[in-house]
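# Reading the structure
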Amino acid sequence: MTAAEAKKQITEKLDKYFAARPETASDEQMYKSTLMTVRDILMKKNAAFEKKIKKNGAKKVYYMCMEFLIGPSLKANLYNLGVYDAFKEALTDMGFSLKSLIKAEADPGLGNGGLGRLAACYMNSLSSQDYPAVGHCLCYEYGFFRQKIVDCEQAELPEIWLPSGEAWLIPRTDCAVTVKFGGRIEEEWREGGMYINYKDAEEVEAVPYDMLISGAGTDAVNTLRLWRARDFKSFDMKAFSQGKYLKALEESTHAELISKVLYPSDDHDAGKMLRLTQQYFLVSAALQNIMHDHLERHGTADNLPQFVAIHINDTHPAMCVAELMRILLDECNYTWDKAWEITTATISYTNHTVMPEALETWRQDLFNIRLPRIYSIICEINRRYCEKLWNEYTHDADKLNRMSIIGGGSVRMANLSVIGSHTVNGVSALHSEILKKTVFSDFYGYEPQKFTNVTNGIDHRRWLLYSNPGLVSLLDDCIGTGYKKRPEKLSEFSKYRDDASVLEKLEQIKKENKERLVKYAATEKGVKIDPQMLFDVHIKRMHEYKRQLLNVLRIISIYNALLEDPDLDITPQCFIFSAKAAPGYYHAKQLIKLINRLGADIAKRPEMKDKLSVAFLENYCVSLAEKLIPAAEISEQISLAGKEASGTGNMKLMMNGAVTIGTLDGANIEMREQLGGNSFYVFGLETHEVDALWSSGYSSVSYYNGSETLQGIIKTLNRGFDGVSFSDFSQYLIYGKGVPDPYMCIADFASYLDVHGRMVNDYADKKLWSQMSLDNIAASGFFSSDRSVREYANNIWGIKPLK
């Protein structure tokens with residue numbers, strides 16, 4: 001597309017939708033006209049790609065996830081389509097700035113953390129490698145939440161993104177389906193078998209809105225299908241006529257709650273019921289849609305596994321197993337055995353955590369009330385599976401109980417996912433081994449062939465090519481452009497490790513990225529950061545196992561040292577945090593408060609603020625990360641060994657030249673292996689040492705009693721910062737009830753302090769630091785999501801690219 005063609009199409013959109021001309025258009029009108037123009041290009045390419053899929057009889061993967069943290073799409077789509085320069089010229093000619101329009105796009109409120117960002121990376125990589133794919137998610141009206149820091153504490157506001165993002169969405173009311181909740185089921189035996197009648201069910205309409213996902217330099221454009229809940233049938237006209245307006249809308253409003261907010265708080269029964277409802281709504285809508293399309297094309301579900309791969313991304317969509325069985329049994333009239341054969345040949349499952357709370361269980365009474373048919377199917381799956389285990393595998397009652405889907409009054413979604421899938425994978429080499437040895441050890445003993453590993457990856461296009469133009473320019477000059485399509489070619493950059501001019505340019509690029517972040521933080525977040533300081537970055541979901549608290553303990557140790565000796569000669573350091581805490585997670589929200597109070601206290605001390613700084617950048621999201629990650633110099637990857645499944649932020653930071661300090665946990669291990677054991681700072685206990693320490697009786701008090709530094713930190717926490725005591729963290733670490741310090745911050749503290757000190761000393765050697773930064777960039781190509789997707793395609797889904 002030329003600039004003239006882009007200008008013509010944008011002008012037509014202005015005229016058609018806003019009755020405006022370029023010289024009279026507002027910024028919003030030009031923004032939406034530009035989005036719709038790009039969307040039309042995507043729609044044409046998507047239609048052509050779908051035609052190619054049908055012509056070739058290609059198998060397609062359907063990627064099921066409760067979140068897709070896709071980030072703003074305008075810039076990425078323009079680059080992927082190869083029309084960025086044409087649109088830039090066209091808009092400039094009409095008196096508008098493309099950069100300003102890109103800045104105006106809000107982050108879609110479709111995700112929160114690494115799970116959603118990974119799903120988005122995989123959709124990008126699927127399209128960029130010509131694989132047929134559809135993502136399924138809910139269209140959350142208000143997202144997770146927009147974080148605002150008020151008086152150093154987190155406040156949650158609605159994440160209003162649709163006014164700027166809805167232009168990307170293509171309504172597909174022709175594909176709407178009905179999802180049923182509650183009511184009761186009646187079994188009716190007739191000639192030919194048993195039939196299910198659903199009585200008094202609550203019916204909610206699921207309406208899909210398609211967002212198109214472009215590939216970089218390919219013909220492929222895939223679909224992310226987002227489902228909204230609505231209920232027009234329940235509008236009470238009689239109540240409305242009587243002036244009872246709220247009552248008239250009550251039922252339809254209740255239904256529409258389903259797609260309002262991602263991960264509603266579940267510390268009460270209403271929240272639990274809403275989460276369960278959301279998960280089934282997504283699963284049922286998606287599978288009805290998938291089966292309708294398949295049956296329309298093939299006329300039978302016998303060949304479903306030949307053309308369809310359904311992937312459960314974490315346990316949230318686990319009900320895919322039972323819902324597919326429901327459709328095959330109740331609507332297609334298959335026998336149980338044949339339906340189970342089709343289901344287990346179609347579905348695969350990725351586990352993302354060993355944390356018990358994320359493996360998801362539902363109370364049987366809630367589940368049965370809300371989803372009676374699905375509950376009955378799960379009970380039958382469980383009965384048959386346990387019977388098979390007893391006959392073929394074990395008479396150990398405890399083992400049977402552990403492997404059962406139903407037990408202890410709960411429905412265990414992780415067990416359902418494993419039992420109903422043909423393949424189960426972890427997301428790093430360590431994580432996959434931990435799954436086989438602990439969480440799913442019984443299942444691995446029974447069906448070892450089911451288990452495999454696919455280490456996570458990141459979309460190098462968004463996180464390098466489109467976010468770090470200075471580094472891209474240097475790479476182009478040094479190794480050519482082949483790495484853009486084949487990121488493993490980044491390894492060729494390693495031959496410049498001793499090139500003084502390249503190292504100098506690398507240092508200058510990092511400086512420019514830091515200055516860009518400083519400007520952004522000041523103008524958009526109201527946070528002042530000194531670009532001359534070392535940028536130590538910790539960007540993770542706020543959670544105990546991520547151990548932001550361990551980082552804070554080290555900062556307090558520096559704080560105490562400067563209080564004792566204001567003339568202490570240290571490298572000036574800025575510790576940058578950005579993270580959201582779940583609204584109902586008190587400990588995590590208190591930690592955000594501690595970080596902000598600590599930063600405020602330091603900023604008020606003239607003797608300290610030029611040597612030490614703490615910055616918390618509110619509302620962590622993709623667009624913030626695109627500025628923050630290229631500016632990072634130290635990457636904090638400090639989870640307790642054995643707790644982080646993989647991580648992807650660690651890979652993004654590595655690819656942009658940050659040097660990692662981390663435990664041997666998750667993908668850190670493979671990152672270090674790719675680096676040959678160098679340019680990576682390891683500290684802390686390893687997984688087997690953590691297990692041994694727990695077995696022998698871990699006591700944080702013994703570490704505390706032997707360390708004056710820790711004693712000083714605990715006293716400072718009790719005294720507090722900026723006039724606020726944080727003695728609750730002292731209780732948590734040392735004196736608390738139950739098990740103090742459950743994530744071993746105290747046990748790893750001395751090692752962390754020592755290695756971090758060595759790391760900061762090495763930072764003073766600019767040549768050495770630039771060499772380590774270069775090493776990380778050159779070794780990062782393995783962690784592209786293109787590689788991950790190829791492994792899934794070849795080893796799990798059985799799909800092929802349509803070149």
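Further up the page is the structure itself.
Structural notes, computed from the coordinates. Note that this is a predicted model, so its numbers are computed, not measured.

With that settled, the discussion passes to the packing of aromatic side chains. The final tally for this structure, using the stated rule, is 28 aromatic pairs. Ring centres of Phe493 and Tyr496 lie 6.2 Å apart, and the angle between their planes is 40°; this geometry places the pair in the tilted category. Like Tyr496, Phe493 is buried. Considering the side-chain rings of Phe726 and Phe729, the 6.4 Å spacing of their centres and the 45° angle between planes classify their relative orientation as tilted. By relative accessible area, which is 1% here, Phe726 ends up buried. Within the aromatic cluster, the residues linked to one another by ring pairs are Tyr349, Tyr385, Tyr393, Phe440, Phe443, Tyr444, Tyr446 and Phe451.

What follows is about the sheet that holds strand E14 (residues 406-407). Read across the open sheet, the three strands follow the order E13-E15-E14; overall the sheet is antiparallel. The open sheet terminates on both sides in strands that have one partner only, identified here as strand E13 (361-363) and E14. One ladder, built from two bridges, connects E14 with strand E15 (residues 410-412); its direction is antiparallel. Residue Gly407 lies in a different strand from E15, and its bridge partner there is Ser410.

The next subject is the pairing of strand E4 (residues 153-157). The pairing of strand E3 (residues 146-150) with E4 spans five bridges and is antiparallel. Directly across from Ile149, in E4, lies its bridge partner Gln154. From the end of E3 to the start of E4, which pair antiparallel, there are two residues, and Asp151 there has a positive phi angle of about 50°.

Here the focus is the nonpolar core. Formed by 145 residues in total, the largest nonpolar core has its most connected members in Phe281, Leu287 and Phe367. At ten residues, helix H10 (residues 269-298) tops the list of elements feeding residues into this core. Excluding anything up to four places from it in sequence, Phe281 contacts Leu138, Val179, Phe181, Val204, Glu205, Ala206, Trp227, Arg228, Ala229 and Ile258. Leu693, Met744, Phe749 and Val755 belong to the second-largest nonpolar core, a separate cluster that totals 67 residues.

So, about the pattern of salt bridges. A side chain of one charge can pair with a side chain of the opposite charge when the charged atoms of the two come close. Here the structure, examined in full by the defined rule, presents 48 salt bridges. Salt-bridge contacts for Arg383 lead to Glu380; the nearest nitrogen and oxygen are separated by 2.7 Å. Of this pair, Arg383 and Glu380 both sit in helix H15 (residues 372-392), three residues apart, which is roughly one turn of the helix. Judged by its relative accessible area of 22%, Glu380 falls in the partly exposed class. The residue Glu791 makes a salt bridge to Arg787 at a minimum N-O spacing of 3.5 Å.

Here we have six strands laid out as an open sheet, ordered E20-E19-E18-E21-E22-E23, and parallel in their pairing. Edge strands, defined here as strands with exactly one partner in the open sheet, are strand E20 (612-616) and strand E23 (681-682). Two strands pair when backbone bridges link them, and strand E21 (residues 634-637) and strand E22 (residues 659-662) are joined in this way by four bridges, in the parallel orientation. The residue bridging Glu636 from the neighbouring strand is Ile661, located in E22. Against the sheet, helix H23 (residues 548-564) touches strand E18 (534-539), strand E19 (573-578), E20 and E21, its axis set at about 150° to E19. Across the sheet, helix H24 (residues 586-603) lies against E19 and E20, angled at about 140° from E20, the strand it touches most.

How each quantity is defined
- Residues numbered from 1 in each chain as written.
- Predicted model: local features only at pLDDT ≥ 70, side-chain atom pairs only at ≥ 80, totals over all residues.
- Heavy atoms only, no water.
- Phe/Tyr/Trp six-rings, centres within 6.5 Å; stacked < 30°, edge-to-face > 60°.
- Buried < 20%, exposed > 50% of the residue type's maximum accessible area, 1.4 Å probe, protein only.
- Pairing = 2+ DSSP bridges.
- Helix = DSSP H or I, 4+ residues; strand = E, 2+ residues; numbered from the N terminus.
- Core = buried A, V, L, I, M, F, W, Y, C linked by side-chain atoms within 4.5 Å.
- Contact = heavy atoms within 4.5 Å.
- Salt bridge = Lys/Arg side-chain N within 4 Å of Asp/Glu carboxyl O.
- Axes fitted to C-alpha atoms, helices over the stretch in contact; angles between N-to-C directions.

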